[in-house]
Amino acid sequence: MRKISKLSNIRVLSLCFAAIICLFCAISLTACNSGLKKPAQEDREYFLYIGGYIYDDGNETVTAIVKMSTAQKDGATNIDAKATWRILNYADDIWYNKQNVKISLQSNAVFGEAKALAGDEVFEKDGKTYNVLKVALRYDTIYKHIKSDGEIVKSGRYYLHTFDIDEEEHTQTFELNFKSQNSASWYSVLISCCIALAVALIGATAAIKGGVWQKKKKE
């Protein structure tokens with residue numbers, strides 16, 4: 001009888017332990033979610049430089065590609081005007097986080113500098129003359145899940161986000177959107193499942209041993 005009583009105690013303790021784990025999991029997930037309810041905002045400033053030129057034979061157009069960098073590029077054709085990133089981090093739900101980026105720049109200033117930096121040789125290529133200059137901001141990333149309001153083209157392993165810069169506009173704002181997993185929530189669930197599985201195995205083992213003991217007793 002004492003052995004049966006001990007076995008019952010083990011089962012009761014296992015069930016209590018499993019209940020505590022479930023409660024801990026629920027609290028953890030709630031905490032992760034509540035901690036991201038208030039959006040976190042961050043502003044960053046990026047340097048701009050000419051990253052190259054793209055030629056359109058059909059329209060006799062050359063496009064100056066403006067790229068961004070956290071510091072001025074040595075040896076690059078740098079632009080004095082800068083771009084501002086306003087980053088907003090927030091929780092989409094308990095499983096995923098989202099990041100919204102608004103890229104702002106002084107369009108007419110950037111266009112004017114790009115135009116001034118483009119020498120006569122830029123408008124001549126392979127014996128052909130190009131008469132129209134366009135300017136575009138480009139953001140390159142390896143991540144497919146990043147969305148934007150620009151033109152997105154895949155080039156090799158990169159996704160190129162291109163935004164047309166309007167010479168007539170004083171300021172333009174472009175948008176990027178990211179979605180990523182909430183690691184804290186996923187890890188909490190994974191750990192809780194592992195512990196719950198361990199508790200279930202302990203309970204099953206105890207039950208099997210109890211059944212074997214009772215069988216031997218009957219014999």
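Within every chain, residues take consecutive numbers counted from 1 along the sequence as written. In keeping with the model being predicted, local features are shown solely for residues with a pLDDT of at least 70 and side-chain atom pairs are shown and tallied solely at 80 or more, while totals for entire chains, interfaces and linings include all residues. Water and hydrogen atoms play no part in the side-chain values, which are based on all heavy atoms of the structure.

A. View of a nonpolar patch on the surface. Like-charged residues within 9 Å of one another, or nonpolar side chains (Val, Leu, Ile, Met, Phe, Trp, Tyr) within 5 Å, are grouped into patches, provided each residue has over 30% relative accessible area and no salt bridge. Reported accessibility uses the Shrake-Rupley method at a 1.4 Å probe radius. Residues are deemed covered only where the shown protein chains occlude them. A side-chain nitrogen of Lys or Arg and a carboxyl oxygen of Asp or Glu constitute a salt bridge if their distance falls within 4 Å. Residues Ile142, Tyr143 and Tyr158 make up a contiguous nonpolar surface patch of about 280 Å² in total accessible area. A run of H or I in DSSP becomes a helix once it reaches four residues, and a run of E becomes a strand once it reaches two; helices and strands are each numbered from the N terminus. By secondary structure assignment, the location of tyrosine 158 is in strand β10 (residues 158-164). Throughout, exposure labels follow a simple rule: accessible area from a 1.4 Å probe, protein chains only, divided by the maximum for the residue type, with under 20% read as buried, over 50% as exposed, and the rest as partly exposed. Judged by relative accessible area, tyrosine 158 falls into the partly exposed class, the value being 36%.

B. Expanded view of the confidence of the model for the protein chain. pLDDT is a residue-level measure of predictor confidence that goes from 0 to 100. Scored by pLDDT, the protein chain comes out at a mean of 78, with 62% of its residues at no less than 70. The contact criterion used is simple: two residues touch if any of their non-hydrogen atoms lie within 4.5 Å. Scored below 50 in pLDDT, residues 1-7 shows five contacts in the model against residues more than four places distant or in partner chains.

C. Geometry of the pairing of strand β9 (residues 151-155). When DSSP finds two or more bridges between two strands, those strands count as paired. In this sheet, β10 lies alongside β9 in antiparallel orientation, the contact comprising five bridges. Note on β10: the bridge partner recorded for valine 153 is leucine 160. Between β9 and β10, which pair antiparallel in sequence order, lie two residues; one of them, glycine 156, sits at a positive phi of approximately 65°.

D. Just helix α2 (residues 107-117), in detail. For α2, the complete set of buried residues consists of Ser107, Val110, Phe111, Glu113 and Ala114. Here the buried residues of α2 occupy an arc of 165° about the axis, which is enough to place them on one side. The directions considered for the arc run from the helix axis to the C-beta atoms.

E. Structural detail: the pattern of salt bridges. Under the definition given, this model contains six salt bridges. A salt bridge links aspartate 140 to lysine 67, with the shortest nitrogen-to-oxygen separation between them at 2.9 Å. Within this pair, whereas aspartate 140 is found in strand β7 (residues 132-141), its partner lysine 67 is found in strand β2 (residues 61-69), the two being separated by 73 residues in sequence. Judged by its relative accessible area of 18%, lysine 67 falls in the buried class. Residue lysine 102 is joined to glutamate 175 by a salt bridge in which the shortest nitrogen-to-oxygen separation is 3.2 Å. Of this pair, lysine 102 sits in strand β4 (residues 96-105) while glutamate 175 sits in strand β11 (residues 172-181), placing them 73 residues apart in sequence.

F. View of unusual backbone geometry. Positioned with a positive phi, glutamate 60 is a non-glycine residue whose angle comes to about 50°. Summarising the element assignment, glutamate 60 is placed in the loop between β1 (40-56) and β2. At aspartate 126, a position not held by glycine, the phi torsion is positive, near 55°. By the element assignment, aspartate 126 lies in the loop between β5 (124-125) and β6 (128-129).

G. Region of interest: the packing of aromatic side chains. Two aromatic rings, drawn from Phe, Tyr or Trp (for Trp, its six-membered ring), form a pair once their centres lie within 6.5 Å of each other, and the interplanar angle then sorts them: stacked below 30 degrees, edge-to-face above 60, tilted otherwise. Inspection of the entire model under this criterion finds four aromatic pairs. A network of ring pairs unites the aromatic residues Tyr46, Trp85 and Tyr139 as a single cluster. Either the NZ atom of lysine or the CZ atom of arginine qualifies as a charge over a ring when it sits within 6 Å of the ring centre and within 35 degrees of the ring normal. Taking NZ or CZ as reference, lysine 128 lies 6.0 Å from the ring centre of tyrosine 130, over its face.

H. Representation of the side chain of asparagine 100. Looking at the secondary structure, you find asparagine 100 in strand β4. Residue asparagine 100 is classed as buried on the basis of its relative accessible area, which comes to 10%. Within 3.5 Å is the distance limit for a polar contact, defined as a pair of N or O atoms, with the added protein rule that one can donate a hydrogen and the other accept it, and that residues adjacent in sequence qualify only through two side-chain atoms. A distance of 2.7 Å separates a polar atom in the side chain of asparagine 100 from a polar atom in the side chain of glutamate 175. Excluding residues within four positions of it along the chain, asparagine 100 makes contact with Arg86, Ile87, Leu88, Tyr90, Glu175, Leu176 and Asn177.

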